[in-house]
Amino acid sequence: MGSKWRKAKLALGLNLCLYVPKTSEESSSLTRRSNDAVSISPVTVPRPTTPTPSSSGLRLPRSISISSSKKTCAICLTAMKAGQGHAIFTAECSHSFHFHCITTNVQHGNQICPVCRAKWNEVPLQSPNAKSKPIVRPIDDAWMTIPPRRSSQNQSSPRPERLRPVSTIFNNEPAVFNDDEALELQDRPAESSSKPGVSGKLEVKTYPEISEVVRSVEFKDFSVLINLKAPPVSSSSSSSRAPVDLVTVLDVSGSMAGTKLALLKRAMGFVIQNLGPFDRLSVISFSSTARRNFPLRLMTETGKQEALQAVNSLVSNGGTNIAGGLKKGAKVLADRRFKNSVSSIVLLSDGQDTYTMTSSPTGSSNNTKGTDYKTLLPKEVNRIPVHAFGFGADHDASLMHSIAENSGGTFSFIESETVIQDAFAQCIGGLLSVMVQELCVKIECVHPTLKIGSVKAGSYRFDSRTGSIEVGDLYAEEERNFLVNLDVPVGDGVLDSMSLLKVGCVYRDPLTKENVDLSTSGEVKILRPVLERSPVVSVEVDRQKIRLRAAEAISEARVLAERGDLTEAVSVLETCRGVLSETVSGRAGDPLCVSLCAELKETQERMASRQVYESSGRAYVLAGLSSHSWQRATARGDMSDSTTVSYQTQSMVDMVNLSQTMTLGGCPRSNSSSNPSPKPSAQRKLRQALTFPARPRPR
């Protein structure tokens, strides 16, 4: 074997290809293969033709025979041909790879064959003298590379320090996660404006249902709309927004092997690229057990490279322990010594928790099981939102939705594996633009005979004793709408107007960390004429009533569908569509009403049969309800389609557009001036963020 290795090194040094024939002993070792999933090394996976996922990792197409597979690199799945400028490495187990592919794999600590899992005694090095450590080469990976940072300074940025060995960072997991990297606040550049990051205060507007009520008439269930809108981000600089502590809890069970894990790594690479130097990231992976792959570190250039190494080292195998992953992710945030202004957990899973609780194969929920879902949420996750992403048709949508709902996060449904990056991009676009924190809205009745009947606040908690709504965080330019219903009594006295409500707000600026008190934000008044006139009807109130009616219809249809009465569920949705089309906004072609009707129609099609509902309908409905109840965008449907209500902010739209316009090399598209009019077939079209087909696929 030693002579073969010397010949291989000699050939690699001359940039030649060498074929070493197999011996009988090496051939017999091929029979000892494990079913473990391979570590996905940097590869380029074309979107149209992705390899078929399996429990044993990336699998070659069936059309390729055993003899032809020897000419294919098992890491990048491209042909190995002599004379193309690529050296070929043949391992001691007789499997061959591109030299640059296997050296990158070894760089990340993998010293076993990605195909047969045989442990190598000798690993490929750059030179015969480099015996102590593997080479450090740039990561040649489409989704795991960081594009050059554009700097406005005349002087080029200094070269990052040498990366620490992977094993010293990830292998030794402490009992207490208090090893988070310190916040370098002293290096944070000062903003030129008087108040950093603040381009305005929270906007508060109120709209009565109608402008006037006759003095001698009592009006039952009079609606008042409270509209809140967060200020925009003052600039695109990371120093003009609140820094984030982000913990990603990723499912790496056996079902994630192959294309799923490869695309997850690419999506994580996109997230890492777009975090700023003041943001911190930690990576948790879980299968049968949970593991902290990367501690809470600042996303400097060095931190990003180390985070990419950690993500690239993920290997899929084992079962699905969602509770274990959440517990470890919460522990990272609970044990940290320093805290950024914004904290969040991103959870992704494609299966059902098989360790903490037993759920039905279909992932259905009922009243007794719904309470059990709360046991998956650690006590440490207090006021920290968990944004859950259900991946594929086999995940437990009810469980993931419950985790998100109880923590104040959102639930997204990723049906197509090709849009996982776009789904992450939308979520990150919001988290990186938090402008309002701990927002509390206070409602006070002015007239002594007035009483608040109900408040349509979705998942936000309304305290009837104090008349307050706890809203929490708002992203830049994000809006919240609450409908307050009350009974307007008969007018007394000779006053021509009546004051109904006073609305005030208190919140914390995440950058200045100062409390902002808008106690006199607005007062709602209506006219009380003696004679009946033509009152002005509020279009804004009518639109919000339509939105709430559609959300209630979807919720009612879901209850019927869970009971098995799909016919009645579809009937409820069809009736609601008819009512919406007859409203003032519907007849006027209001965009919100049109998009709600489109959503109701899509929900009907997702309930066409029990099989369709179990495979995708339930997850689609729950993602929609999560979006409506929190009034926040979730990944579902065609994210680029204007007929789907998404509550997207401009920051989310910009991040999704960036994700969709990134080429496989990790850089934006560039329009070449030498070829001003390329052929349509040669030009890369903008990839739509489809998370479900236009029509449910027959199952």
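Residues numbered from 1 in each chain as written. Predicted model: local features only at pLDDT ≥ 70, side-chain atom pairs only at ≥ 80, totals over all residues. Heavy atoms only, no water.

S.K.: Would you mind showing me how to read the overall build of the protein here?
M.R.: Secondary structure summary: the protein contains 17 helices and 19 strands in total. In the protein, which comprises 699 residues, the share counted as buried stands at 52%. Partitioning the contacts of the protein with sequence separation of at least 6, the portion at a separation of at least 24 is 75%. (Helix = DSSP H or I, 4+ residues; strand = E, 2+ residues; numbered from the N terminus. Buried < 20%, exposed > 50% of the residue type's maximum accessible area, 1.4 Å probe, protein only. Contact = heavy atoms within 4.5 Å.)

S.K.: I tried to follow the pairing of strand 19 (residues 515-527) on my own but got confused; where do I start?
M.R.: Along any regular strand the residues' side chains alternate between the sheet's two faces. Bridging between strand 18 (residues 497-508) and strand 19 involves ten bridges; their strand directions are antiparallel. By the bridge assignment, Val-503 is partnered in strand 19 with Gly-522. Hairpin connection from strand 18 to strand 19: six residues lie between these consecutive antiparallel strands, with Lys-513 at a positive phi of about 60°. (Pairing = 2+ DSSP bridges.)

S.K.: What exactly am I supposed to notice about the sheet that holds strand 12 (residues 411-414) here?
M.R.: The strands making up a sheet associate through hydrogen bonds between their backbones, and the pairing can be parallel or antiparallel. What the six strands build is an open sheet, ordered 9-8-7-10-11-12; its pairing is mixed. For this open sheet the edge positions go to strand 9 (290-298) and strand 12, each flanked by a neighbour on one side alone. Across the sheet, the mean angle separating the axes of adjacent strands is 15° when strand polarity is ignored. Lying over the sheet, helix 8 (residues 322-335) contacts strand 7 (244-251), strand 8 (280-286), strand 9, strand 10 (342-349) and strand 11 (386-391), oriented at roughly 165° with respect to strand 10. Along the sheet face, helix 10 (residues 397-407) touches strand 10, strand 11 and strand 12 and points at about 170° away from the line of strand 11. (Axes fitted to C-alpha atoms, helices over the stretch in contact; angles between N-to-C directions.)

S.K.: Mind showing me how you'd approach the pattern of salt bridges here?
M.R.: One pass over the structure, following the stated rule, counts 29 salt bridges. Linking Lys-545 and Glu-209 is a salt bridge whose minimum nitrogen-to-oxygen distance equals 2.8 Å. Here Glu-209 lies in the loop between strand 5 (203-208) and strand 6 (219-229) and Lys-545 lies in helix 12 (residues 539-562), a separation of 336 residues in the sequence. Using a relative accessible area of 29% as the deciding quantity, one classes Lys-545 as partly exposed. Three or more residues joined by partner-sharing salt bridges are found here, namely Asp-180, Asp-245, Arg-280, Arg-336 and Arg-337. (Salt bridge = Lys/Arg side-chain N within 4 Å of Asp/Glu carboxyl O.)

S.K.: Even after reading the chapter, I still don't get unusual backbone geometry, so can you show me in this structure?
M.R.: Excluding glycine, residues mostly have negative phi values, and the peptide bonds linking residues are mostly trans. Positive phi is not limited to glycine here, since Glu-477 has a value of about 65°. Here Glu-477 is to be found in the loop between strand 16 (468-475) and strand 17 (479-488). The class of Glu-477 is partly exposed, set by a relative accessible area of 33%.

S.K.: Whenever I open this one, the sheet that holds strand 17 confuses me. Can you help?
M.R.: Strand order in the open sheet made by the four strands is 5-6-17-14, with antiparallel pairing throughout. Looking at strand neighbours, the two that pair on one side only are strand 5 and strand 14 (452-456), the edges of this open sheet. The average undirected angle you get between the axes of adjacent strands in this sheet is 20°. In this structure, strand 6 lies alongside strand 17, joined through nine bridges in antiparallel fashion. Within strand 17, the position partnered with Ile-226 by the bridge is Phe-482. In the packing of helix 12 onto the sheet, contacts are made with strand 5, strand 6, strand 14 and strand 17, and the angle to strand 17 comes to roughly 100°.

S.K.: What's the story with the environment of Val-315 in this structure? I'm lost.
M.R.: Structurally, the position occupied by Val-315 is in the loop between helix 7 (301-312) and helix 8. Classification of Val-315 as partly exposed rests on a relative accessible area of 23%. Residues Val-315 and Ala-257, spaced 58 residues apart in sequence, show a C-alpha to C-alpha distance of 7.8 Å.

S.K.: Would you take a moment to explain the nonpolar core for this structure?
M.R.: In globular proteins that are soluble, nonpolar side chains generally tend to be buried together. Among the nonpolar cores identified, the biggest contains 46 residues, and Leu-264, Leu-348, Ile-420 and Phe-424 are the most heavily contacted of them. Elements supplying a minimum of two residues to this core: strand 7, helix 6 (259-274), strand 8, helix 7, strand 10, strand 11, helix 11 (420-431) and helix 17 (650-660). Ranked by the residues each element gives to this core, the list is headed by helix 6, at eight residues. When residues no more than four places from it in sequence are discounted, the contact partners of Phe-424 are Leu-264, Ala-267, Met-268, Val-271, Val-346, Leu-348 and Phe-389. Counting 35 residues, the second largest nonpolar core, distinct from the first, contains Val-213, Phe-222, Ile-443 and Tyr-460. (Core = buried A, V, L, I, M, F, W, Y, C linked by side-chain atoms within 4.5 Å.)

S.K.: Hey, could you run me through the packing of helix 6 against helix 11 in this one?
M.R.: Any two packed helices are characterised by how steeply their axes cross, that is the angle between the axes, and by the distance between the axes. In the contact formed by helix 6 and helix 11, the axes pass within 8 Å of each other and the chain directions differ by 30°. By the angle between their directions, the pair helix 6 and helix 11 is classed as roughly parallel. For helix 6 against helix 11, the interelement crossing comes out right-handed. Packed against helix 6, whose contacting residues are Leu-263, Leu-264, Arg-266, Ala-267, Met-268, Phe-270 and Val-271, the element helix 11 presents Ile-420, Gln-421, Phe-424, Ala-425 and Ile-428 at the interface. Each residue belonging to the contact of helix 6 with helix 11 can be placed in one class, and the counts come to ten nonpolar, one polar and one charged. (Parallel < 35°, antiparallel > 145°, perpendicular 65-115°, else oblique. Left-handed = near helix turned anticlockwise from the far one by under 90°. Nonpolar A, V, L, I, M, F, W, Y, C, P; charged D, E, K, R; others polar.)

S.K.: Sorry if this is basic, but what is going on with the pairing of strand 18 here?
M.R.: Of all the twelve residues making up strand 18, nine are buried; the element is thus mostly covered by neighbouring parts of the structure. In this sheet, strand 18 lies alongside strand 13 (residues 434-445) in antiparallel orientation, the contact comprising seven bridges. Bridge pairing in strand 18 links Val-441 to Cys-505.

S.K.: What is the right way to look at helix 16 (residues 610-630) in this model?
M.R.: Taking 1.5 Å per residue, 21 residues should reach 30 Å; helix 16 reaches 28 Å between its end C-alpha atoms and fits that length. Roughly 55° is the biggest bend found in helix 16, and it falls at Ser-616. Across the 21 residues that make up helix 16, a large majority, 18, are buried. The first or second residue beyond helix 16 is Gln-631, which carries a positive phi of 55°. (Expected span 1.5 Å × (residues − 1). Bend = angle between axes of the 7 residues up to and from the residue.)

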